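Descriptive analysis of the structure
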Amino acid sequence: MIDTLTPHAARLKATSLRALFADDPARFEAFSARLDDLLIDFSKEKIDADALAALLDLARHSGVEAARDAMVSGAHWNLTEDRAVLHMALRGGAKAPQGDDVKGTLDRFLAFAEDVRSGRYAAAAGPFTDVVNTGIGGSDLGPVMATRALEPDRDGPRLHFVSNVDSGHLTDTVKALDPARTLVIVASKTFTTQETMMNAHTAREWLRDAVGEEAGRHMAAVSTNIAGADAFGIDASRVFGFWDWVGGRYSIWSAIGLPVAIGIGSSDFRAFLDGAASMDKHFRETPLEQNLPVLLALIGIWRRNAMGWPTVALIPYDQRLERFPAYVQQLDMESNGKRTVRNGTPVDSATAPVIWGEPGTNAQHSFFQLLHQGTDTIPVDFIAAAMSRDGVNDHHTALLANCLAQGQAFAFGRTEEEVRARMAGADAAEIDRLAPHRTFPGDRPSTTILHRQLDPFTLGRLIALFEHKVFVQGVIWDIDSFDQWGVELGKVLAIDLLSVLKGEQGAELDDSTVGLISALRELSV
Ligand code: F6P
């Protein structure tokens, strides 16, 4: 089916964004869509009306609508793990399975968050001044990203996040903290992840060294593995559950969001959920032609499968969204970085692109050179807010001017002729020497996502937009977006290598690994 895009791609590869804009003065209107104050402008993508129609046909024929309805109805859409996919139920966007008390659990962890914030739940030495969340992947990236994004809404205890098994992460995080006033949350869907469990044990030792048996009071847990949290010794009153129908990278809406709730309070956390629910409603009810996640997904399919571009730069013009690219990396690449279709045969098209990025304007001063003049076309997704939360002088206007300028420069570039005209008056030989270097090829696509202001509701809506985009692409590629078998092999090998490194076990190893181990031993003295 993806082949139907080929003739459209051939036509559009032979034209330019300059020509497309020149041919259609109403291009912005035709290639942008809105949900209230959220706008997606994809007029700077190399598509035309026929290509867009072909993409929408592809979505229809791939069964996107039926798949979405199946997911929402609780069908076991995650085939290889035989699980429902119902993270939408955590925010009222779908119904949870009978007996799973979403509302009661939400009320419970939000009440706990308020108790910690207010000091009603406190250490013997007084209210908690600091909270350390130990988790990794989906049990870390969402809370880290959202906590940073919502800094203007944050008060209460300071929040810290430890994910890496590298002890440097925990050591550096706790070195300035007072264990007598620190709460540690162990966040792990499975409660078996090596990194998190090691960090949890070490953090507990750090607490015990300072407060002895009181340490128990300083720990809470979030997991689907209630028995695991119990075995670790965390009191049931501070264990908050969720369910196997919530994928790790889709879990920020569950009790995994506890640190966020401690930071922003329960009413803002509910606004965050409401934002996501409003995107769920839009996704469920809006025709494909105006459906923002569907359009964003189709632009991605166009870039990846029709134009053959293997990577995307995600550039928020918002310093507080600095961890958003890392969050979307897991969401997208762990979901759709797959090579088999749902029935187990090899996929016959390219799947998820490599996603990476940093906030603008910083990115302009590091890797944008390559985006403008390098030999590859790398599409860019910009995100920007119309209004700042701070209103400091003209900073925000300058930020927006830069964002718009980059989109313009990518799309239209500057021809050698234009460069020469601008250099008029300079020495002719100098113009010949420098003009090729100063030329911008342009014709580099971008999509711009605009919203009014980054607040809890908007952030919830933005995350859900990307979640549904990933879902739609997974349906079109016919892959299981909700498993992650690709991370398993490394985990298993690391367990064996841990015993080898500790000298507890020998193993049949390849020559390179043997060489590296002996070098490590040599270097360890
Ligand atoms: O390694 C992959 C992964 O399973 C992610 O999908 C998940 O978010 C992360 O590990 C952490 O898992 P857990 O929450 O079970 O500790």
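What you see is a predicted model; the values in this text were computed from it and never measured.

**Describing the packing of aromatic side chains**
- Overall, the coordinates contain 21 aromatic pairs when judged by the stated rule.
- Aromatic pair W243 and W245: ring centres 5.1 Å apart, planes at 0°, arrangement stacked. We note that W243, like W245, is buried.
- Measuring from centroid to centroid gives 4.8 Å for W356 and F367, while their planes differ by 65°, and the two rings are edge-to-face. You can see W356 sitting in strand β9 (residues 354–356) and its partner F367 sitting in the loop between β9 and α15 (368–373), a full 11 residues away along the chain.
- One aromatic cluster in this structure is built from Y317, W356, F367, F368, F382 and F410.
- In this structure, R27 packs its charged tip against the face of F21, placed 5.3 Å from the ring centre.
- Here R204 stacks its cationic end above the ring of F232, 3.9 Å away from the centre of that ring.

**Digging into the sheet that holds strand β1 (residues 32–35)**
- Across the sheet, 6 strands lie side by side as β1-β2-β11-β10-β8-β9; this open sheet has mixed pairing. On the outer flanks of this sheet lie β1 and β9, each paired with one strand and no other. Across the sheet, the axes of successive neighbouring strands diverge by a mean angle of 15°, strand direction being ignored.
- One ladder, built from 6 bridges, connects strand β10 (residues 380–385) with strand β11 (residues 446–451); its direction is parallel. Note that in β11 the partner of A384 across the bridge is L450.
- Lying on the sheet, helix α14 (residues 324–336) is in contact with β8 (311–316), β9 and β10; it crosses β9 at an angle near 165°.
- Strands β10 and β11 of the sheet are contacted by helix α16 (residues 395–412), whose axis makes an angle of about 155° with β10.

**With respect to the pattern of salt bridges**
- One pass over the full model with this rule turns up 34 salt bridges.
- Between K338 and D483 there is a salt bridge, with its nearest N and O atoms 2.8 Å apart. Separated by 145 residues along the polypeptide, K338 in the loop between α14 and β9 and D483 in the loop between α19 (456–477) and α20 (488–501) bring together distant segments of the chain. Judged on exposure class, the residue K338 and its partner D483 are both buried.
- Members of the salt-bridge network, linked through shared partners, are D36, D37, R452 and R461.

**A few points about the domain arrangement of the chain**
- You can read the domains of the chain as domain 1 (2–61 + 286–412 + 445–483), domain 2 (87–271) and domain 3 (486–523).
- Each of domain 1 and domain 3 has a C-alpha centre, and these two points are 40 Å apart.

**Quick notes on the site of the ligand**
- Neighbouring the ligand are 15 residues, the closest being G138, S139, S188, T190 and T193.
- At 2.7 Å from an oxygen atom of the ligand is found a main-chain nitrogen or oxygen belonging to G138.
- A distance of 2.8 Å separates an oxygen atom of the ligand from a polar side-chain atom of E334.
- Alone, the ligand offers 390 Å² of accessible surface; in the complex the protein occludes 88% of this.
- Its residues assigned to classes, the shell around the ligand comprises 2 nonpolar, 9 polar and 4 charged.

**Digging into the nonpolar core**
- If you look at the biggest cluster of nonpolar residues, it comprises 120 residues, and the most contacted ones within it are F269, W302, F324, L459, L465 and F466.
- Among the elements that line this core, the one with the most residues is α19, at 12 residues.
- Both domain 1 (2–61 + 286–412 + 445–483) and domain 2 (87–271) contribute no fewer than three residues apiece to this core.
- Setting aside anything within four residues of it in sequence, one finds F466 in contact with L296, L314, F324, V328, L331, I383 and I449.
- Counting residues in hydrophobic clusters, the runner-up holds 21 residues, among them A180, V184, V186 and F232.

**A look at helix α4 (residues 49–61)**
- Given a rise of 1.5 Å per residue, 13 residues ought to cover 18 Å, and the 18 Å separating the end C-alpha atoms of α4 matches this to within 8%.
- For α4, the set of buried residues is A51, L52, A54, L55, L56, L58 and A59.
- Looking at the buried residues of α4, the elements they touch are α1 (6–13), α5 (64–73), α13 (292–306) and α19.
- In the segment just after α4, G63 is the residue with positive phi, at about 80°.

Calculation notes
Residues numbered from 1 in each chain as written. Predicted model: local features only at pLDDT ≥ 70, side-chain atom pairs only at ≥ 80, totals over all residues. Heavy atoms only, no water. Phe/Tyr/Trp six-rings, centres within 6.5 Å; stacked < 30°, edge-to-face > 60°. Buried < 20%, exposed > 50% of the residue type's maximum accessible area, 1.4 Å probe, protein only. Helix = DSSP H or I, 4+ residues; strand = E, 2+ residues; numbered from the N terminus. Lys NZ or Arg CZ within 6 Å of the ring centre and 35° of its normal. Pairing = 2+ DSSP bridges. Axes fitted to C-alpha atoms, helices over the stretch in contact; angles between N-to-C directions. Contact = heavy atoms within 4.5 Å. Salt bridge = Lys/Arg side-chain N within 4 Å of Asp/Glu carboxyl O. Domains from an automatic or database assignment. Near = heavy atom within 4 Å. Polar contact = N/O pair within 3.5 Å; in protein donor to acceptor, adjacent residues only side chain to side chain. Areas by Shrake-Rupley, 256 points an atom, 1.4 Å probe, with all protein chains shown as cover. Nonpolar A, V, L, I, M, F, W, Y, C, P; charged D, E, K, R; others polar. Core = buried A, V, L, I, M, F, W, Y, C linked by side-chain atoms within 4.5 Å. Expected span 1.5 Å × (residues − 1).

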